[in-house]
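A look at the structure
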Amino acid sequence: MAETRWLDDGQQQVWRDFLAATRLFFERLDQELQAEAGMPHAYYEILVRLSEHPSREMRMSELADLLGSSRSRLSHAIARLEERGWVRRRACDTDRRGHFAALTDDGFAALEAAAPGHVEGVRRHLFDQLSDDQVAELGTISATLARHLEAGREGAARRARETAQE
């Protein structure tokens, strides 16, 4: 077993600052969306992803993967969005186990109403706090981490499929 590579004091501080900043940032966005639009950030993200798809409809498994969500968690969220009339679920014609989630006109209207406040919150709590150079650095850092983590996620999924086939 490899020896543990402990964080030094500076790295430990950066790690804790990163945890605090991301937790507080998303907590604030969630609170603002709840207060202003009556929806949590997770629901907003679902509506955004559906709205960006040409047909405003996506296979549920694809949507879960895109959001980094479990299928059961997404199914629960879609049920709540269906109750509001913002999303409609339908069975897949070619796969009895598959379902699609479709953004309704009411859901698109809810998204349009929520978007200005959400964008202002992102601007106020993120971009307005950073210089142009810091924004560029954050973009580079975020893209680097996303590529690394996505590659690890794809590798884990591939290993799980291979194990299931054995």
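Under the annotation held in an unreviewed UniProt entry, the protein chain carries the name DNA-binding MarR family transcriptional regulator and is attributed to Actinopolymorpha rutila.

Domain parsing of the protein chain yields domain 1 (28–115) and domain 2 (130–165). On a C-alpha basis, the centroid separation for the pair domain 1 and domain 2 is 23 Å.

Next up on the list: the nonpolar core. One finds M39, I46, L47, L50, L63, I78 and L81 to be the most contacted residues of the largest nonpolar core, which totals 23 residues. The biggest single contributor to this core is helix 2 (residues 41–52), with six residues. Dropping the residues within four chain positions of it, L81 is found in contact with Y43, I46, L47, W86 and V87.

Before going further, it helps to spend a moment on a nonpolar patch on the surface. Judged by side-chain polarity, L7, W15, F18 and L19 come together as a nonpolar surface patch covering roughly 390 Å² of accessible area. Looking at where W15 falls in the secondary structure, it is placed in helix 1 (residues 9–37).

Procedures and definitions
- Residues numbered from 1 in each chain as written.
- Predicted model: local features only at pLDDT ≥ 70, side-chain atom pairs only at ≥ 80, totals over all residues.
- Heavy atoms only, no water.
- Domains from an automatic or database assignment.
- Core = buried A, V, L, I, M, F, W, Y, C linked by side-chain atoms within 4.5 Å.
- Buried < 20%, exposed > 50% of the residue type's maximum accessible area, 1.4 Å probe, protein only.
- Helix = DSSP H or I, 4+ residues; strand = E, 2+ residues; numbered from the N terminus.
- Contact = heavy atoms within 4.5 Å.
- Patch = residues over 30% accessible without salt bridge, like charges linked within 9 Å, V, L, I, M, F, W, Y side chains within 5 Å.
- Areas by Shrake-Rupley, 256 points an atom, 1.4 Å probe, with all protein chains shown as cover.
- Salt bridge = Lys/Arg side-chain N within 4 Å of Asp/Glu carboxyl O.

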